[in-house]
Amino acid sequence: MPELPEVETVVRGLRAVLPGRTITGLRLGKTDFIADPPRLEAALPGATIQEVRRFGKFIGLRLAASHRANGNRSANWLLVHLGMTGQFIVCRPDSPLRPHTHVWLALDDARELRYTDIRRFGKMRLVDAVELPSFLARLGSEPLEVPFEDFCTALARRAMIKALFLDQHVFRGLGNIYTDESLWRARIHPRRLGARLNPSERRALYAALRRVLSDAIRLRGSSISDFVDSAGSPGDYQRRHRAYGREGEPCFRCRAKIRRIVVAGRSSYFCPRCQLAPKGRSRRTPRRHSG
DNA sequence: AGCTCTTCCTGAAAGC
DNA sequence: TGCTTTCAGGAAGAGC
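Residues numbered from 1 in each chain as written. Chains lettered and ligands numbered in written order. Predicted model: local features only at pLDDT ≥ 70, side-chain atom pairs only at ≥ 80, totals over all residues. Heavy atoms only, no water.

Chemist: How do you make sense of the packing of aromatic side chains when you look at a structure like this?
Modeler: Given two aromatic rings, one states the distance between the centres and the angle between the planes to describe the pair. Summed over all chains, the structure comprises 12 aromatic pairs. An angle of 65° between the planes, with centres 5.5 Å apart, marks the rings of Phe55 and Trp77 as edge-to-face. Of the two residues, Phe55 sits in strand 2 (residues 48-55) while Trp77 sits in strand 4 (residues 76-81), which places them 22 residues apart along the sequence. On the basis of relative accessibility, which here comes to 6%, the residue Trp77 falls in the buried class. Judged by centre distance (5.3 Å) and plane angle (70°), the rings of Tyr244 and Tyr269 are edge-to-face. One end of the pair, Tyr244, is in the loop between helix 7 (199-218) and strand 9 (259-263); the other, Tyr269, is in strand 10 (residues 266-270), and 25 residues separate them in sequence. The pair Tyr244 / Tyr269 is uniform in exposure class, with both members buried. Following the ring pairs from residue to residue traces out a cluster consisting of Phe148, Phe151, Phe165, Phe171 and Tyr206. Positioned over the ring face of Phe148 is Arg203, at 3.6 Å from the centre of the ring. The ring of Phe252 is capped by Arg242, whose NZ or CZ atom sits 4.0 Å from the centre of that ring. (Phe/Tyr/Trp six-rings, centres within 6.5 Å; stacked < 30°, edge-to-face > 60°. Helix = DSSP H or I, 4+ residues; strand = E, 2+ residues; numbered from the N terminus. Buried < 20%, exposed > 50% of the residue type's maximum accessible area, 1.4 Å probe, protein only. Lys NZ or Arg CZ within 6 Å of the ring centre and 35° of its normal.)

Okay, structure coming up:
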């Protein structure tokens, strides 16, 4: 599942080859994951890719409009979210066509940029420079850029820390894997409330998050089932997972069996010995033992 | 405000 | 063996 490190890996790969390239043609397959297909068909052919950026889990390609069409329009951004199974790959036109490929962009260097997405949970849309700020305003801060003080402010809510981390309006780019890995590292149970974390726990979580994300970027992301980078190669961080997907296996710190529970509608893996559950019930009246 | 449930989609895995 | 059912999961929306 592409999260921040996976998307960053794809973006770095695309950044190495796309800036300066002009899109010479566009072909669409299924379009139910594209916000406005005709807009893409009108704007992409002839446009030159100027910049590749990452906004949380979104890939952004900044496009200079073609000289002929829309000469007075501001720059467009093609925003791509990989969803669960999205892949954005640069390849030669004659490379084998993978099933579920729904967008082909022909480039002026005789290569193709292809978007493949088995489940089509991904998203693709075009926004112009005027629309971009309102799009970005809906996203929280970048986890690797947010200062500690702002990190603490974002946590000061009566929501479970797992839900807070998954909410893209709080932090942009975190998903199930890196949330669980960071919580394991910081020894914090996924059901703890953000507002109830003490200063040393907040400090530990901030450090854990930064460490996990930067290590994962260094290892080019986690490949569990479908993730590959812009060249089609898998990442290596799945070998460093300490909690995610390890139900029943021993904790790397204390050998207790890793457990799986559902929090915020997601599988959550944690060590029941290292990551202690919140005391009592966080809502409703606490039950008393009969006495 | 924040939690749970539902929806979208497909392939893998479990069930029979 | 082979067909059928269940499930996972990012994000948004509904309902409580």
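Chemist: Can you help me understand the domain arrangement of chain A in this one?
Modeler: One can read the domain layout of chain A as domain 1 (4-137) and domain 2 (148-270). The C-alpha centroid of domain 2 is placed 29 Å from the C-alpha centroid of domain 1. With 19 residues of domain 1 at the interface, the matching set in domain 2 holds 19 residues. Of the roughly 1600 Å² buried at the junction of domain 1 and domain 2 (both faces included), carbon and sulfur atoms supply 63%. Broken down residue by residue, the surface that domain 1 buries against domain 2 is led by Pro5, Glu6 and Thr9, which jointly contribute 33%. Applying the counting criterion to the domain 1 and domain 2 interface returns zero salt bridges. One can count six residue pairs in polar contact (both at pLDDT 80 or more) joining domain 1 with domain 2. Looking at the side of domain 1 that touches domain 2, the elements with two or more residues in it are helix 1 (4-17) and strand 5 (86-91). Here the element with the most residues in the side of domain 1 that touches domain 2 is helix 1; it accounts for nine residues. Residues belonging to the side of domain 1 that touches domain 2 are distributed by class as follows: 10 nonpolar, five polar and four charged. (Domains from an automatic or database assignment. Contact = heavy atoms within 4.5 Å. Buried area = accessible area lost by both parts, 1.4 Å probe. Salt bridge = Lys/Arg side-chain N within 4 Å of Asp/Glu carboxyl O. Polar contact = N/O pair within 3.5 Å; in protein donor to acceptor, adjacent residues only side chain to side chain. Nonpolar A, V, L, I, M, F, W, Y, C, P; charged D, E, K, R; others polar.)

Chemist: Help me understand the side chain of Glu142 in this model?
Modeler: Within the element layout of this structure, Glu142 appears in the loop between helix 3 (132-137) and helix 4 (148-155). For Glu142, a relative accessible area of 7% corresponds to the buried category. A polar side-chain atom of Glu142 sits 3.1 Å from a polar atom in the side chain of Arg54. Other than its neighbours up to four places away in sequence, Glu142 contacts Leu4, Arg54, Phe55, Gly56 and Arg172.

Chemist: What is the right way to read the nonpolar core from this model?
Modeler: If you look at soluble globular proteins, the nonpolar side chains tend to sit buried side by side. Phe151, Leu155, Ile161, Phe165, Phe171, Leu205 and Cys271 are the most contacted members of the largest nonpolar core, which totals 38 residues. Of all the elements in the fold, those that place two or more residues in this core are helix 4, helix 5 (161-166), helix 6 (176-186) and helix 7. With eight residues, the top contributor of residues to this core is helix 7. Among all residues touching Phe171, those that are not within four sequence positions of it are Gly140, Ser141, Pro143, Val146, Phe151, Ala154, Leu155 and Phe165. (Core = buried A, V, L, I, M, F, W, Y, C linked by side-chain atoms within 4.5 Å.)

Chemist: It is not clear to me how helix 4 should be interpreted in this structure. Could you clarify?
Modeler: For an α-helix the count is 3.6 residues per turn, leaving residues at separations of three or four pointing the same way. Considered for burial, the residues of helix 4 that qualify are Phe148, Phe151, Cys152, Ala154 and Leu155. End-on, the buried residues of helix 4 take up no more than an arc of 160°, which puts them together on one face. In helix 4, those exposed residues whose orientation departs by more than 90 degrees from the buried face are Glu149 and Thr153. Buried positions along helix 4 lie against helix 5 and helix 7. (Arc of directions from axis to C-beta.)

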